[in-house]
Amino acid sequence: MWFKNLHIYDFVDEFDFNIEQLETNLQHMHFKPCASILPMSSGWKAPIGDDEESPLIHSANGLMLICLRIEEKLLPATVIRDHLHEKVIKLQADQGRKISSKEKLALKDEIYSTLLPRAFSKNTEILAIIDPENQRLIIDVSSRTKAEDFINFLRKTLGSLPVALVETVSPGRLMTKWLKEQQTPRNFSIAESCMLVDSKLEGSTVRCSKQDLLTPNIQAFLADGMVVSQIQLQWKEHLQLTLKDDFSVSGIKYTDAVQDLAADIHTENKEQQLDASFFIMSQTLQEFLVDLLEVFQKSEKAED
């Protein structure tokens, strides 16, 4: 329930945030377990609650929480390759001839279809927040590619999803400025990890972990033309996180002070505890995003 990553999108055109209609649309693509003959299955599941009647949209703090479940069959290429090799060896011995490339492709497809029903499954759940008031979509997923896959599936579900990455000043340039000048905006401070890249020499990277980033050694790298690709930051006494140059956030850690707020809310079951956690987590992230976007969008307007 506690988001570890943030990919932030803005709604850039009119969109109907009616929760009843959105719930209906999601129900049309409710998750169904993957059939034995299919490699994967995707669909929406209740973010809180395991009952069939649990809503696919959980509402709190004026936000809507949704969850995409993906089931993928695990069939490693090495397994298929080993089976194919054995099959080819046997056929060549039985028939006294070399098996052609075309025949090998057909055998590979046959082996894949045979093994697929016996393959193990991997289940992944992706949470996202729809924020109607700020007209924003926030996805908790590790990579931009996966975030785009999520958006494509949501767009397929709803028929339309007019979103685009939030517009900001260049994050890399601003983070480099913070490290060079050893100053950060209000409520932010530099933590102990960063990654620097050479702006002229592709592939040249310096990774720093659990170090004082305000030392002369780091300043020397910056003086040589390296720029910040990602940096670990502390926000107030609430969050520690890594901000990247594509304006995504990863590795979010909530301090005990934040998590204790959720733990202190009296609950009677697992669902109520998850609801309390979402309430506190989403409120914290909303306040964090106000500060973060103010810094990067205010800087953008200043440059204009």
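Since the model is a prediction, treat every value here as computed from it, not as a measurement. (Residues numbered from 1 in each chain as written. Predicted model: local features only at pLDDT ≥ 70, side-chain atom pairs only at ≥ 80, totals over all residues. Heavy atoms only, no water.)

Asker: Break down the overall build of the protein for me, citing the residues and quoting the values.
Answerer: Looking only at helices and strands, the protein has 8 helices and 12 strands in total. Over its C-alpha atoms the protein spans a radius of gyration of 24 Å, topping by over 25% the 19 Å that the globule rule assigns to 304 residues. Its C-alpha atoms give the protein principal-axis dimensions of roughly 75 × 55 × 40 Å. Counting all 304 residues of the protein, 43% fall into the buried class. Taking the contacts inside the protein whose residues are at least 6 apart along the sequence as the reference set, 68% of them involve residues at least 24 apart. Only carbon and sulfur atoms are counted for the fraction: they give 49% of the accessible area of the protein, which is about 17100 Å². (Helix = DSSP H or I, 4+ residues; strand = E, 2+ residues; numbered from the N terminus. Rg over C-alpha atoms; globule rule 2.2 N^0.38 Å. Buried < 20%, exposed > 50% of the residue type's maximum accessible area, 1.4 Å probe, protein only. Contact = heavy atoms within 4.5 Å. Areas by Shrake-Rupley, 256 points an atom, 1.4 Å probe, with all protein chains shown as cover.)

Asker: Which residues make up the side chain of S248, and what are the values?
Answerer: Its place among the elements puts S248 in the loop between β11 (239-244) and β12 (249-254). At 2.6 Å, the side chain of S248 and the side chain of D246 are in polar contact. Aside from chain neighbours lying at most four places away, what touches S248 is L6, H7, R144, T242 and L243. (Polar contact = N/O pair within 3.5 Å; in protein donor to acceptor, adjacent residues only side chain to side chain.)

Asker: Explain the pairing of strand β6 (residues 136-140) residue by residue, including any values.
Answerer: The side chains of a regular strand alternate between the sheet's two faces. Counting buried positions along β6 yields 5 of 5 residues, so the element is predominantly enclosed. Residue alternation in β6 divides its side chains into two sets, R136, I138 and D140 and L137 and I139, and both sets are buried. Here strand β1 (residues 7-11) pairs with β6 via 4 bridges, running antiparallel. Pairing of Y9 across the sheet is with L137, part of β6. Bridge count between strand β5 (residues 120-131) and β6: 5 bridges; the pairing is antiparallel. Within the sheet, the bridge partner assigned to I130 lies in β6 and is L137. (Pairing = 2+ DSSP bridges.)

Asker: I'd like to hear about helix α2 (residues 77-95), residue by residue, with values.
Answerer: A rise of 1.5 Å per residue sets the reference length of α2, with its 19 residues, at 27 Å; its end C-alpha atoms lie 26 Å apart and thus fit the reference within 8%. Every buried residue of α2 is accounted for by I80, L84 and V88. Along the axis of α2, the buried residues cluster in a sector spanning 65°; they form a single face. Opposite the buried face of α2, by more than 90 degrees, sit the exposed residues H85, E86, K90, A93 and D94. Against the buried residues of α2 lie α3 (101-115). (Expected span 1.5 Å × (residues − 1). Arc of directions from axis to C-beta.)

Asker: Lay out the pairing of β11 in plain terms, naming residues and giving numbers.
Answerer: In this sheet, β11 lies alongside strand β10 (residues 226-235) in antiparallel orientation, the contact comprising 6 bridges. Each bridged residue has a counterpart across the sheet, and for Q234 the counterpart in β11 is Q240. As consecutive antiparallel partners, β10 and β11 are separated by 3 residues, and within that stretch K236 has a phi angle of approximately 45°, a positive value. Alignment of β11 against β12, held across 4 bridges, turns out to be antiparallel. Counted as the bridge partner of L243 is V249 from β12.

Asker: So, unusual backbone geometry: which residues are in play, and what are the values?
Answerer: Even without being glycine, Q182 reaches a positive phi, approximately 55°. Relative to the elements of secondary structure, Q182 occurs in the loop between α5 (171-181) and β8 (188-198). Phi is positive for K210, close to 55°, though the residue is something other than glycine.

Asker: Mind laying out the packing of α5 against helix α6 (residues 216-223), listing which residues take part and the relevant values?
Answerer: Where α5 contacts α6, the two axes come as close as 10 Å, and the packing angle between them is 135°. One finds that α5 runs oblique with respect to α6. Judged by the sense of rotation from one axis to the other, the crossing of α5 with α6 is left-handed. Residues T176, L179 and K180 of α5 pack against I218, Q219 and L222 of α6. Class assignment of the residues belonging to the contact of α5 with α6 gives a composition of 3 nonpolar, 2 polar and 1 charged. (Axes fitted to C-alpha atoms, helices over the stretch in contact; angles between N-to-C directions. Parallel < 35°, antiparallel > 145°, perpendicular 65-115°, else oblique. Left-handed = near helix turned anticlockwise from the far one by under 90°. Nonpolar A, V, L, I, M, F, W, Y, C, P; charged D, E, K, R; others polar.)

Asker: Describe in detail the packing of aromatic side chains, supporting the description with residues and values.
Answerer: This structure, assessed with the given rule, holds 10 aromatic pairs. Ring centres of W178 and F296 lie 5.7 Å apart, and the angle between their planes is 65°; this geometry places the pair in the edge-to-face category. Taken together, the positions of W178 in helix α5 and F296 in helix α8 (residues 270-303) put the pair 118 residues apart, joining distant regions of the chain. Grouping residues by exposure puts W178 and F296 together as buried. Counting every residue linked through ring pairs, the aromatic cluster contains F11, F15 and F17. (Phe/Tyr/Trp six-rings, centres within 6.5 Å; stacked < 30°, edge-to-face > 60°.)

Asker: Account for a negative patch on the surface, naming residues and giving values.
Answerer: A surface patch of negative charge is lined by D50, D51, E52, E53 and E271. Within the element layout of this structure, D51 appears in the loop between β2 (40-45) and β3 (58-60). (Patch = residues over 30% accessible without salt bridge, like charges linked within 9 Å, V, L, I, M, F, W, Y side chains within 5 Å. Salt bridge = Lys/Arg side-chain N within 4 Å of Asp/Glu carboxyl O. Lys, Arg positive; Asp, Glu negative; His and termini not counted. Charge placed at Lys NZ, Arg CZ, Asp CG, Glu CD.)

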